[in-house]
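Here is what each chain is made of, one letter per residue.
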Amino acid sequence: MFTGKDIERFANIETPFYYYDLTLLQQTLSACASAAAMYNYHVHYALKANFNPVVLNAIKEKGFGADCVSIGEVQRAVELGFRAGKIVFAGVGKSDREINQALDADIFCFNVESVQELGIINDLAASRGKKARVAIRINPNVDAHTHHNITTGLDENKFGVNSWDLPACVQALKDAENLEFVGIHFHIGSQITSLEVFRNLCTRVNEFAAWFEDKGFVVRVLNVGGGLGIDYHNPDAQIPDFSSYFQVFNEFLEVKSYQEVHFELGRALVGQCASLLSRVLYVKNGKKKNFVVLDAGMTELMRPALYQAYHQIENLSKAGKAAALRYDVVGPICESTDCFAKELELPETARGDLFAIRSAGAYGEVLASGYNLRERAPALYSES
Ligand SMILES: Cc1ncc(COP(=O)(O)O)c(C=O)c1O
Ligand SMILES: N[C@@H](CCCC[NH3+])C(=O)O
């Protein structure tokens, strides 16, 4: 929710820019950290959601670990002071260079996504005279009931080791001299809004953990990934219900005394703490449609173009005025999918009006693209 004071502050600032509410970020992080502490859960923040250094610094200061998907993310986490012993590294396509550099950084573990990758990590660790800690990312074939483009835990998805490849995995682990098995990892998708899905995940995690232990392995780490969604329709609700989320795992996950439960939350921690601020360049009143053309586009927030994702859009210059007309809210990019909303009811809008596109903290600034030779939009932070 933007106050008159915020709008005054924005008056002379060139758009577009991302605006981060650092107080809300702190509150969200504290809510998650204290809910997780109730059960001694370990939370690794998924850097892919937002690797803005100011945001990352706040997350590191709260003691979260880091979940990375490239050596660039591992290095960013290390540079910003995340402890190597709290960094995990997933990804279906880790290159040899990335594996070598992560071995040198002595990260907590690789979340391994194929039998072939296990062999490669073993060979690279051997040539460095090291032992690599590994967890097996299992694809549990659990439906996350989210947009199909952000589902990751079904048989048809590229992620993780499928159940039918697990015997080969066990053999590879037994043969490998330079691997230390630490546990099992899962991540079934993003923007999951039904807790029932996590309950189903717990059932599968229990089965796979028992299966590995039956084969003679000690499963020390149960990493259940991330995926907790946020309410894009209600950005002012702001802080996700972390307590209910962790409660599901507390109730349905079978955890032995020597086991640790790890999470990899991204969106839930940072999604609501930023908005994309943009001004109206032109209003086109057509016969069939009215268009509001903003100075921000899919290059600054790609989610609507990628997934037809909903983001709440507010005309801050006309706050308190009743909706008068329907507009398609579009950007300046040379693509027809460069559209933030269709047929949106807004107060009568004019050139120069300031717009806020809410819930842009996760997969917003990090997905920015230089398409059309656009300059990167800067970030602005709340004053506290
Ligand atoms: C392996 C892994 N862990 C964690 C996350 C974070 O997901 P989310 O931002 O939905 O919490 C992702 C992204 O989907 C992921 O691929
Ligand atoms: N980029 C996606 C999430 C992908 C999560 C990574 N596997 C989104 O904005 O919703």
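What counts, and at which threshold
- Residues numbered from 1 in each chain as written.
- Chains lettered and ligands numbered in written order.
- Predicted model: local features only at pLDDT ≥ 70, side-chain atom pairs only at ≥ 80, totals over all residues.
- Core = buried A, V, L, I, M, F, W, Y, C linked by C-beta atoms within 7 Å.
- Buried ≥ 20, exposed ≤ 12 C-beta atoms within 10 Å, placed from the backbone.
- Helix = DSSP H or I, 4+ residues; strand = E, 2+ residues; numbered from the N terminus.
- Domains from an automatic or database assignment.
- Contact = placed C-beta atoms within 7 Å.
- Arc of directions from axis to C-beta.
- Near = placed C-beta within 6 Å.
- Nonpolar A, V, L, I, M, F, W, Y, C, P; charged D, E, K, R; others polar.

**With respect to the nonpolar core**
Note that soluble globular proteins tend to have their nonpolar side chains buried in a common cluster.
Now for step 1: Formed by 108 residues in total, the largest nonpolar core has its most connected members in Ile87 and Val134.
Now for step 2: The leading source of residues in this core is helix 8 (residues 195-214), at 7 residues.
Now for step 3: Two domains each provide a minimum of three residues to this core, namely domain 1 (4-17 + 272-381) and domain 2 (22-271).
Now for step 4: Setting aside chain neighbours within four positions, we find Val134 in contact with Cys109, Phe110, Val112, Leu118, Ile121, Leu179, Phe181 and Val182.

**Topic: helix 4 (residues 71-79)**
Now for step 1: Listing the buried residues of helix 4 in full gives Glu73, Val74 and Ala77. Down the axis of helix 4, the smallest arc covering the buried residues is 105°, so these residues share one side.
Now for step 2: Buried-residue contacts for helix 4 involve strand 3 (65-68), strand 4 (87-89) and helix 5 (96-105).

**A closer look at the site of ligand 2**
Now for step 1: Taken together, Lys48, Ile150, Thr152, Ser190, Gln191, Arg303 and Tyr363 make up the full set of residues near ligand 2.
Now for step 2: Of the residues that constitute the shell around ligand 2, the class distribution is 2 nonpolar, 3 polar and 2 charged.

**Some remarks on the site of ligand 1**
Now for step 1: Around ligand 1 sit 17 residues, and of these Ala46, Ser190, Gly226, Gly266 and Arg267 come closest.
Now for step 2: Residue composition of the shell around ligand 1, grouped by class: 7 nonpolar, 6 polar and 4 charged.

**Regarding the domain arrangement of the protein chain**
Now for step 1: Each domain of the protein chain was delimited in the assignment, giving domain 1 (4-17 + 272-381) and domain 2 (22-271).
Now for step 2: Contacts between the two partners involve 16 residues from domain 1 and, on the opposite side, 22 residues from domain 2.

**Brief notes about unusual backbone geometry**
Now for step 1: Cis geometry is found at the peptide bond from Thr15 to Pro16, where omega equals -5°.
Now for step 2: Position of Pro16 relative to the elements: it lies in the loop between helix 1 (4-10) and strand 1 (17-20).
Now for step 3: At Asn40, a residue that is not glycine, the phi angle is positive and equals roughly 60°.
Now for step 4: Relative to the elements of secondary structure, Asn40 occurs in the loop between helix 2 (22-37) and strand 2 (42-46).
Now for step 5: Asn40 sits in the exposed class, given 9 other C-beta atoms within 10 Å.
Now for step 6: Unusually for a residue other than glycine, Leu373 sits at a positive phi of about 55°.
Now for step 7: In this fold, Leu373 is placed in the loop between strand 16 (354-357) and strand 17 (379-381).
Now for step 8: Using a count of 6 C-beta atoms within 10 Å as the deciding quantity, one classes Leu373 as exposed.

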